[in-house]
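Examining the three-dimensional arrangement
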Protein chains: 2
Amino acid sequence: MKFIKTPKKFYFHYPFIAAVIGTKTGDKVNLMSAAWHTQLSFEPPLYGVSISPKRYTYDLLKKSKVFSVNFLDFEYIETVAYVGGVSGKDVDKISAFEIPVINGRILDVPVLQEAYAVYECQLAEEVETGDHTLFIGKILGVHYNEKAFSGDKFCPNTEKISPILYIGNEYYMTVDSESKKHYPRKLAQEYIKDWKGEI
Amino acid sequence: MKFIKTPKKFYFHYPFIAAVIGTKTGDKVNLMSAAWHTQLSFEPPLYGVSISPKRYTYDLLKKSKVFSVNFLDFEYIETVAYVGGVSGKDVDKISAFEIPVINGRILDVPVLQEAYAVYECQLAEEVETGDHTLFIGKILGVHYNEKAFSGDKFCPNTEKISPILYIGNEYYMTVDSESKKHYPRKLAQEYIKDWKGEI
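Report follows, based on the coordinates. (Residues numbered from 1 in each chain as written. Chains lettered and ligands numbered in written order. Predicted model: local features only at pLDDT ≥ 70, side-chain atom pairs only at ≥ 80, totals over all residues. Heavy atoms only, no water.)

Counting its regular elements, chain A contains four helices and 15 strands. Taking the principal axes of the C-alpha coordinates as reference, chain A spans close to 65 × 45 × 30 Å. Across the 199 residues in chain A, those meeting the buried criterion constitute 60%. Considering only residue pairs separated by 6 or more positions, chain A has 57% of its internal contacts joining residues 24 or more positions apart. Entry remark: accessible area of chain A is about 8,300 Å², with carbon and sulfur atoms responsible for 43%. Positive and negative charge centroids in chain A, built from 24 and 25 side chains respectively, lie 6 Å apart. (Helix = DSSP H or I, 4+ residues; strand = E, 2+ residues; numbered from the N terminus. Buried < 20%, exposed > 50% of the residue type's maximum accessible area, 1.4 Å probe, protein only. Contact = heavy atoms within 4.5 Å. Areas by Shrake-Rupley, 256 points an atom, 1.4 Å probe, with all protein chains shown as cover. Lys, Arg positive; Asp, Glu negative; His and termini not counted. Charge placed at Lys NZ, Arg CZ, Asp CG, Glu CD.)

Turning our eyes to something else, we now look at the relation of the copies chain B and chain A. Expressed as a screw operation, the relation of chain B to chain A combines 0.0 Å of axial shift with a rotation of 180°, fitting to an RMSD of 0.0 Å. Such a turn and shift between the copies fits a two-fold axis. Most of the interface of chain B is mirrored in chain A: 100% of its interface residues are interface residues there too. (Least-squares fit on C-alpha atoms with pLDDT ≥ 70 in both.)

For the rest of this paragraph, the subject is the sheet that holds strand S2 (residues 16–17) of chain A. If you trace the six strands from one edge of the open sheet to the other, you get S2(A)-S14(A)-S15(A)-S15(B)-S14(B)-S2(B), paired in antiparallel fashion. For this open sheet the edge positions go to S2 of chain A together with strand S2 (16–17) of chain B, each flanked by a neighbour on one side alone. Pairing of strand S14 (residues 165–168) of chain A with strand S15 (residues 171–182) of chain A, which is carried by three bridges, proceeds in the antiparallel orientation. Residue pairing for S15(A): Gly168(A) is matched across the bridge by Tyr171(A). (Pairing = 2+ DSSP bridges.)

What follows deals with the pairing of strand S5 (residues 37–41) of chain B. All names here are of chain B. Of all five residues in S5, five are buried; the element is thus mostly enclosed. Inspection of the sheet shows S5 paired to strand S6 (residues 46–51) by four bridges, in the antiparallel sense. Paired with Gln39 across the two strands is Tyr47, which belongs to S6. Following S5, the chain reverses through four residues before pairing antiparallel with S6.

To continue, consider the interface of chain B and chain A. The interface is formed by 106 residues belonging to chain B together with 107 residues belonging to chain A. A combined buried area of about 10,000 Å² lies between chain B and chain A, and 67% of that area is made up of carbon and sulfur atoms. For the pair chain B and chain A, the number of links is two salt bridges. The partner of Glu146(B) in a salt bridge is Lys2(A), and the shortest N-O contact between them spans 3.8 Å. Seen at the junction of chain B and chain A, the total is 42 residue pairs in polar contact (both at pLDDT 80 or more). By residue number, the principal contributor to the side of chain B that touches chain A is strand S15 (residues 171–182) of chain B, which donates 11 residues. Examined bridge by bridge, strand S11 (residues 132–144) of chain A and strand S1 (residues 2–4) of chain B share three bridges and lie antiparallel to one another. When the sheet's bridge partners are listed, Tyr144(A) is paired in S1(B) with Lys2(B). (Buried area = accessible area lost by both parts, 1.4 Å probe. Salt bridge = Lys/Arg side-chain N within 4 Å of Asp/Glu carboxyl O. Polar contact = N/O pair within 3.5 Å; in protein donor to acceptor, adjacent residues only side chain to side chain.)

Turning our eyes to something else, we now look at helix H1 (residues 56–64) of chain A. Residue and element names in this part refer to chain A. Along H1, the positions that sit buried rather than exposed are Tyr56, Thr57, Tyr58, Leu60, Leu61 and Ser64. Residues of H1 that are buried make contact with strand S3 (19–25), strand S4 (28–34), strand S6 (46–51), strand S7 (66–72), strand S10 (115–129) and S11. Just downstream of H1 lies Lys65, where phi reads positive at about 65°.

Taken as a whole and judged by the stated rule, the model has 46 aromatic pairs over all chains. Relative to Phe10(B), the ring of Phe42(A) lies with its centre 6.3 Å away and its plane at 85°, an arrangement referred to as edge-to-face. Taken together, the residues Phe42(A) in the loop between strand S5 (37–41) and S6 and Phe10(B) in the loop between S1 and S2 connect one chain to another. For the pair Phe42(A) and Phe10(B), one class covers both residues: buried. Aromatic side chains Tyr116(A) and Phe149(A) sit 6.0 Å apart centroid to centroid with 45° between the ring planes, which places their arrangement in the tilted category. Here Tyr116(A) is found in strand S10, whereas its partner Phe149(A) is found in strand S12 (residues 149–150), with 33 residues between them in sequence. In this structure, Tyr116(A) and Phe149(A) share a single accessibility class: buried. One cation-aromatic arrangement involves Lys180(A) over Tyr171(B); the distance from NZ or CZ to the ring centre is 4.9 Å. (Phe/Tyr/Trp six-rings, centres within 6.5 Å; stacked < 30°, edge-to-face > 60°. Lys NZ or Arg CZ within 6 Å of the ring centre and 35° of its normal.)

The next subject is the nonpolar core. By size, the foremost hydrophobic cluster in this structure holds 132 residues, and its most contacted members are Val69(A), Tyr119(A), Phe12(B), Val69(B) and Tyr119(B). In contact with Tyr119(B), not counting residues within four places along its chain, are Phe10(A), Tyr11(A), Phe12(A), His13(A), Tyr47(B), Phe67(B), Ser68(B), Val69(B), Phe71(B), Ile139(B), Gly141(B) and Val142(B). If you look at the next biggest cluster of nonpolar residues, it comprises 10 residues, including Leu40(A), Leu46(A), Leu40(B) and Leu46(B). (Core = buried A, V, L, I, M, F, W, Y, C linked by side-chain atoms within 4.5 Å.)

Residues and elements named next belong to chain B. Checked against the element boundaries, Ser64 lands in helix H1 (residues 56–64). Judged by relative accessible area, which is 17%, Ser64 ranks as buried. Not counting the four nearest positions on each side in its chain, Ser64 is found in contact with Lys24 and Thr25.

In this section: the state of the cysteines. All names here are of chain B. With the rule as written, the count across this model stands at zero disulfides over all chains. Cysteine Cys121 remains unbridged, with the sulfur of Cys155 as its closest cysteine sulfur at 19 Å. Take Cys155: its relative accessible area is 5%, and that puts it in the buried class. (Disulfide = S-S within 2.5 Å.)

Structural data, given as C-alpha cells:
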C-alpha cells in the first residue's frame, strides 16, 4: 500500500451512482448530473446532494428551495452524460437534448420521464462543507417504475434495470447483475456463535 | 410510472458502494459497514458518513473523533458482509473474523490491510439529520493500492479491482468492467454548438 497526504482531486471512493438533479424557478428548468449524494435519514426521509457554488443549479436551488433527484437506466447514459457536460447558464438543456419532462406531483420540480425512480424533495437544510454545499431535502414523493423494484424496501432489481455508475474522468459504467450475492446477517451471527464456542 | 408518498424504508437510489468504517478508542477497535457516505469537498478534502445512533460506531466516534473509511475488493465481500452482520457491542470483530489491521499513519484509526483504498479522517463536524447523524471528516491521508488507480485524480481501475456495491436487503454485487463508456464533455459541447447552429 502506498500512502499520500491528501491529493488535490481524488476519486478513490468511486464508483458512485449518477443522479440527475432537477430544479425549476418560474419557467426555467435546469438539470445537472451529480455523483456526490446520499440518503441521510429514514424518518423523516432525507436525501443530501452536494453541489458546488460554481454550478448553475446552486443558484436555482437557493431560490426555488425544491429539487428532484432522478435515476436513469444505462440505456439513457447519453442524457446523463450530456446534461453533465454543459451548463444551464449557456443553454436550455431540456430543449437542446429533447429530454421529456413532466412536473412533480407534490412539488414544482422537473420529473424525467426516462427515469426509473425520481424523488421530489423540499429543501430542509443547507450545510456549507468546504468548497461545496450539502443541500438536504425531505422526500415528499417518489415516482418509480414498478417493474424495477422489489420487496417492501424497494430495492432495485438489476435484472430489470442497469443503474448508471460514475467512475470519474468522464467514464461511466453499470453493474454486473450476475455477480449478485446474498449475505444474510444470520450467516455472520452463526459464525460468531460458533467462534464463541456456543455451538 | 407509479407514485407514492414517502414509504417507510426505501432504496430506490441503490446501489451504493460499500465502505467499512473503522474506529478506535484506547485498545478498542471496531468496524462497521456503511452505504450512506459521500465526498463533500475537495479543498479541504471532506468525506461524510451517515451513522445511526443505534450503531456502536456512533458511540466510539463521538469519543475518538477520528475514523477510517476502507474500500475493499469484491474478493473480500465476506469481510464486508460479516462486519455488517453483527454489532461490536457483542463481539470483537477484528479477532472473530481474523481481519488484518494496521494503525493509521497520521491518526489513531484502524487501516484494513485487505483494502485497496483507505481514508484517515479527523472529525470536522457533526450534523444531525433525522434519525441519523452525518459525521464529516477531513481526510488527512490516503492509503491505496498503486495498481488499482490511474490518472492524477486517482480513478479506480476496474480492470484491476472490483468495488463492492450494496443493493439492499443483504445483497451485494460488483461492476461490469466491460460496460465502461467514455463521454467527454466535449461531445455535449459540440452537440450544443451544432444545435445552436454555430457549425
